[in-house]
Number of protein chains: 2
Amino acid sequence: MPRWESDAQGRLERAALELFETQGFERTSVAQIAGAAGLKERSFYRYFPDKREVLFAGNELEAHLVAQVEAADPGLTPIEALLAALGTAEEIFRPREFLLRRARVIAANPALAERDLIKLAAIADALAPALERRGVEPGKVRFMIDVVLAIHRRAMPRWLAEPDTTLAQLMAQAAAELCEVVAPPAPTIR
Amino acid sequence: MPRWESDAQGRLERAALELFETQGFERTSVAQIAGAAGLKERSFYRYFPDKREVLFAGNELEAHLVAQVEAADPGLTPIEALLAALGTAEEIFRPREFLLRRARVIAANPALAERDLIKLAAIADALAPALERRGVEPGKVRFMIDVVLAIHRRAMPRWLAEPDTTLAQLMAQAAAELCEVVAPPAPTIR
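Per an unreviewed UniProt entry, chain A is named TetR family transcriptional regulator, and its organism is Streptomyces subrutilus.

Caption draft 1: Highlighting the environment of A:E114. Looking at where A:E114 falls in the secondary structure, it is placed in helix α8 (residues 110-133). The class of A:E114 is partly exposed, set by a relative accessible area of 28%. Separated by 20 residues in the primary sequence, A:E114 and A:R94 place their C-alpha atoms 21 Å from one another. Ignoring anything within four residues of it in the chain, the contact list for A:E114 reads A:R52 and B:I118.

Caption draft 2: Summary view of the environment of A:R154. Position of A:R154 relative to the elements: it lies in helix α9 (residues 138-161). Separated by 102 residues in the primary sequence, A:R154 and A:R52 have C-alpha atoms spaced 24 Å apart. Not counting the four nearest positions on each side in its chain, A:R154 is found in contact with A:A174, A:E177, B:G139, B:K140 and B:F143.

Caption draft 3: Representation of the relation of the copies chain B and chain A within the structure. You can overlay chain B on chain A at an RMSD of 0.0 Å; the transform is a turn of 180 degrees with a shift of 0.0 Å along its axis. In symmetry terms, the pair is related by a two-fold rotation axis. Relative to the rotation axis, the C-alpha of B:C179 is the closest in chain B, positioned 2.7 Å from it. Counting the interface residues of chain B, we find that 100% of their copies in chain A are interface residues as well, pointing to one common contact surface.

Caption draft 4: The domain arrangement of chain A, seen in detail. Residues and elements named next belong to chain A. One can read the domain layout of chain A as domain 1 (1-55) and domain 2 (58-181). Taken together, the contacts link 16 residues of domain 1 with 18 residues of domain 2. For the pairing of domain 1 and domain 2, the buried interface totals around 1600 Å² over both sides, and the portion due to carbon and sulfur atoms is 55%. Where domain 1 packs against domain 2, one counts 6 salt bridges. Seen at the junction of domain 1 and domain 2, the total is 8 residue pairs in polar contact (both at pLDDT 80 or more). Contributions of two or more residues to the side of domain 1 that touches domain 2 are made by α1 (2-6) and α2 (8-23).

Caption draft 5: View of the packing of α9(A) against helix α10 (residues 167-182) of chain B. Where α9(A) contacts α10(B), the axes come no closer than 11 Å and their chain directions differ by 75 degrees. When the axes of α9(A) and α10(B) are compared, the pair comes out roughly perpendicular. Where α9(A) abuts α10(B), its residues A:K140, A:F143, A:M144 and A:V147 lie against B:A174, B:E177, B:L178, B:E180, B:V181 and B:V182. Here the residues of the contact of α9(A) with α10(B) are counted per class, giving 7 nonpolar, no polar and 3 charged.

Caption draft 6: Quick peek at the interface of chain B and chain A. Contacts between chain B and chain A engage 30 residues on the former and 30 residues on the latter. Ranking the residues of chain B by area buried against chain A places B:F143, B:V181 and B:V182 at the top, with a combined share of 23%. Summed over the shared surface of chain B and chain A, the result is 2 salt bridges. Where chain B touches chain A, the interface holds 4 residue pairs in polar contact (both at pLDDT 80 or more). Counting only elements with at least two residues in the side of chain B that touches chain A, the list comes to α6 (78-93), α8 (110-133), α9 (138-161) and α10 of chain B.

Caption draft 7: Broad picture of the packing of aromatic side chains. All names here are of chain A. Across all of its chains, the model carries 8 aromatic pairs over all chains by this definition. Considering the side-chain rings of F44 and F48, the 5.4 Å spacing of their centres and the 50 degrees angle between planes classify their relative orientation as tilted. For the residue pair F44 and F48, the accessibility class agrees, reading buried in each case. These aromatic residues form a ring-pair network of at least three members: F44, Y45, Y47 and F48.

Caption draft 8: Quick look at the pattern of salt bridges. All names here are of chain A. Overall, the coordinates contain 26 salt bridges over all chains when judged by the stated rule. When the shortest N-O distance is used, the salt bridge between R101 and E21 registers 2.8 Å. Placement of the pair is R101 in helix α7 (residues 96-108) and E21 in helix α2, with a sequence separation of 80 residues. On the accessibility criterion, E21 (35% relative accessible area) is partly exposed. The partner of R115 in a salt bridge is E53, and the shortest N-O contact between them spans 2.5 Å.

So, how was this worked out
Residues numbered from 1 in each chain as written. Chains lettered and ligands numbered in written order. Predicted model: local features only at pLDDT ≥ 70, side-chain atom pairs only at ≥ 80, totals over all residues. Heavy atoms only, no water. Helix = DSSP H or I, 4+ residues; strand = E, 2+ residues; numbered from the N terminus. Buried < 20%, exposed > 50% of the residue type's maximum accessible area, 1.4 Å probe, protein only. Contact = heavy atoms within 4.5 Å. Least-squares fit on C-alpha atoms with pLDDT ≥ 70 in both. Domains from an automatic or database assignment. Buried area = accessible area lost by both parts, 1.4 Å probe. Salt bridge = Lys/Arg side-chain N within 4 Å of Asp/Glu carboxyl O. Polar contact = N/O pair within 3.5 Å; in protein donor to acceptor, adjacent residues only side chain to side chain. Axes fitted to C-alpha atoms, helices over the stretch in contact; angles between N-to-C directions. Parallel < 35°, antiparallel > 145°, perpendicular 65-115°, else oblique. Nonpolar A, V, L, I, M, F, W, Y, C, P; charged D, E, K, R; others polar. Phe/Tyr/Trp six-rings, centres within 6.5 Å; stacked < 30°, edge-to-face > 60°.

And the structure:
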């Protein structure tokens, strides 16, 4: 990831994560983040509209996911296209070690956890038209996306914690678990 | 629902919904809501911490759902207990006609849509311990809840639009749809 390692946006993201970890999200100012990244406060706002957004990289992930679903092999079913897009996006997006630390910081800060929910909902909205174009009936699109996001959420902490796995693998496992989670167990003698 | 019809909280909720519909969420003040409900502005804050919360009834729904899962027949599987709790809560909570109008107002206002996401996440967090006490392994609890919330979200608009249905029925249908949504289709000659 040479570009992200050296560019101003990447420096701001890493500086912010470091400061949020050491002194807390609330006690960190935008000026401090910019300073730690060797930039002026003003420059921060060229990349991010506010302090929370520095951990969410604007609409980069959303745009990437939509493009992936749009470009997916036409032979894939819509759900396969969606699972494939989400299963490969994270590692391209940021290094796993950064994502692991980021997940901890988000979980510990209600303001960041809220932003995370809002970004996920925006991603779900943005993916809907791409799935409709792949022939999913409109009433089912959001359901499919919600289910895939649940699968993603199930797989993510395991992937972050277990370096020898791929996210796509763990998402496939979670998808397989799904019917078993929902279906009532076969009747047995108790 | 005689209590809700006549009490101050119910009057505030109905007045707020009416004002949000006619003049918009942004242009409505807490003072106007209180005034329309025949109350002083101060009284509003006895029931709700802010203007958004008036459509979410504090922690009432959350508390109700947790109590339902806690009290569910021990013979039900955890997922059955969860589906049953969510499938019956809404109609007890507020009249369907109120919920239909409420859903439209929330969908039209980003500030309310955000609060809705946050309340849902809080409900998910609150339900987790109740499911763990029913024997669901901790790693799967959130997955199960996310999936049931996706099912709920799939069923809700149909239930609101179709007066002769029950939410529990439509949730059962959506749950049945689930495996089909996720499973790749059986191979066929294309």
